Amino acid sequence: MKRVGVGRQLAVCAAMSCLALIVIAFLHKPPYAASLLAGLPLHYQMGIGLGFGCCYWAASQIGYRFAANSESTRSTIESYSRLNLDGWNPLWISLAACFGEELLFRGALQPLIGIWITSALFVLAHTKAYRFNGLNKRVAIQAAGIFTVSVIFGFVAEYIGLVAAMLIHALTDVVGLYTIKTAARRG
């Protein structure tokens, strides 16, 4: 099985970023940068993002211990094992995903269509990664989890700022990918 590398993730990030910039240029009102950087001062956004990230790390470590053998956990590990998680790749993959996805979904789409529809589109964007190939219990649990996380990112972007949402997304993905990397090594 050929593993997906960082280059592909960077290409997806670039495509999502370009699409976001097109949506912003044609459908948003100027000043564009001010709307993307709205919210709390950047140092507060970064502190809140790091705080959420640390809380997520602790929760994920506890949650993984209790759900390590669940069908959803095994499926997620299998899906993300297709990624090349060697070395620093989990970090680079996470940064690419957080920037492209948050710029598109929270920065470009959410101001136009709201948190709930944006979160539904976010789930649709993740159908291939999570192998949503039919409606069953595993798919429903994973889709509900992604939707919930997306709604949280949406509220963070709206009330705290886009930078905080990006940082939380990055830390969530880094923790998840390193957890998957460790679990895959254990077999």
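What counts, and where the lines are drawn
Residues numbered from 1 in each chain as written. Predicted model: local features only at pLDDT ≥ 70, side-chain atom pairs only at ≥ 80, totals over all residues. Heavy atoms only, no water. Helix = DSSP H or I, 4+ residues; strand = E, 2+ residues; numbered from the N terminus. Expected span 1.5 Å × (residues − 1). Contact = heavy atoms within 4.5 Å. Polar contact = N/O pair within 3.5 Å; in protein donor to acceptor, adjacent residues only side chain to side chain. Salt bridge = Lys/Arg side-chain N within 4 Å of Asp/Glu carboxyl O. Buried < 20%, exposed > 50% of the residue type's maximum accessible area, 1.4 Å probe, protein only. Core = buried A, V, L, I, M, F, W, Y, C linked by side-chain atoms within 4.5 Å. Lys, Arg positive; Asp, Glu negative; His and termini not counted. Axes fitted to C-alpha atoms, helices over the stretch in contact; angles between N-to-C directions. Parallel < 35°, antiparallel > 145°, perpendicular 65-115°, else oblique. Left-handed = near helix turned anticlockwise from the far one by under 90°. Phe/Tyr/Trp six-rings, centres within 6.5 Å; stacked < 30°, edge-to-face > 60°.

*Asks:* So what exactly am I meant to see when it comes to helix α6 (residues 137-159) here?
*Replies:* Working note: α-helix, 3.6 residues per turn, so residues spaced by three or four point in the same direction. Here α6 contains 23 residues, and its C-alpha end-to-end distance of 33 Å stays within 8% of the 33 Å for a straight helix at 1.5 Å per residue. Check the buried side of α6 and you find it contacts α4 (71-80), α5 (89-125) and α7 (162-186). For α6, the capping residue at the N-terminal end is Asn 136, with a side-chain oxygen 3.1 Å from the backbone nitrogen of Arg 138. Once α6 ends, the next one or two residues include Gly 161, with phi positive near 145°.

*Asks:* Before we go on, may I ask you to explain the pattern of salt bridges in this structure?
*Replies:* Pairing between side chains becomes possible if they bear opposite charge and their charged atoms approach one another. This structure, assessed with the given rule, holds 1 salt bridge. The partner of Glu 102 in a salt bridge is Arg 106, and the shortest N-O contact between them spans 2.8 Å. Of the two residues, Glu 102 and Arg 106 are both situated in helix α5; the distance of 4 residues between them amounts to about one turn of the helix. The class of Glu 102 is buried, set by a relative accessible area of 0%.

*Asks:* Before we go on, may I ask you to explain the nonpolar core in this structure?
*Replies:* As a rule of thumb, nonpolar side chains are buried together in soluble globular proteins. In terms of nonpolar packing, the biggest core is built from 32 residues, with Leu 83 and Phe 132 touching the most fellow members. Elements supplying a minimum of two residues to this core: α1 (6-27), α4, α5, α6 and α7. In terms of residue count, α5 provides more of this core than any other element does, 9 residues in total. Phe 132 has contacts with Val 123, His 126, Thr 127, Arg 138, Val 139, Gln 142, Ala 143 and Ile 146, leaving out every residue within four places of it along the chain. Within the second largest apolar cluster, 7 residues are counted, among which are Val 156, Ala 157, Ile 160 and Ile 168.

*Asks:* Any chance you could explain the side chain of Glu 101 here in plain terms?
*Replies:* Note on placement: Glu 101 falls in helix α5. Salt bridges are absent for the buried Glu 101, whose nearest opposite-charge side chain, Arg 106, sits at 6.0 Å. A distance of 3.4 Å separates polar atoms of two side chains, one belonging to Glu 101 and the other to His 126. Dropping the residues within four chain positions of it, Glu 101 is found in contact with Met 16, Arg 106, Phe 122, His 126 and His 169.

*Asks:* Where do I start with the packing of α1 against α5 in this structure?
*Replies:* Each pair of packed helices can be summarised by the angle the axes make with each other and by the distance between the axes. Contact geometry for α1 and α5: axes closest at 9 Å, N-to-C directions at 20°. Considering the angle they form, α1 stands roughly parallel to α5. The chirality of how α1 crosses α5 is left-handed.

*Asks:* Explain the packing of aromatic side chains to me, please; I cannot follow it from the model alone.
*Replies:* Aromatic ring pairs are reported here in terms of the distance separating the ring centres and the angle at which the planes meet. A full pass over the atoms with the stated rule returns 4 aromatic pairs. A centroid spacing of 6.2 Å and a plane angle of 75° characterise the contact between Trp 116 and Phe 155, whose relative ring orientation is edge-to-face. With a gap of 39 residues between them, Trp 116 in helix α5 and Phe 155 in helix α6 connect regions that are remote in the sequence. What makes Trp 116 exposed here is its relative accessible area of 53%.

*Asks:* How should the environment of Thr 118 be read in this particular structure?
*Replies:* Within the secondary structure, Thr 118 sits in helix α5. For Thr 118, a relative accessible area of 0% gives the class buried. With 29 residues separating them in the primary sequence, Thr 118 and Phe 147 have C-alpha atoms 9.4 Å apart. Not counting residues up to four positions away in its chain, the partners in contact with Thr 118 are Phe 105, Arg 106, Leu 109, Gln 110, Ile 113 and Ser 150.

*Asks:* Please clarify how α4 should be interpreted in this entry.
*Replies:* With 7 of its 10 residues buried, α4 lies for the most part within the structure. Residues of α4 that are buried: Ser 72, Thr 73, Ser 75, Thr 76, Ile 77, Ser 79 and Tyr 80. Buried-residue contacts for α4 involve α3 (42-67), α6 and α7.

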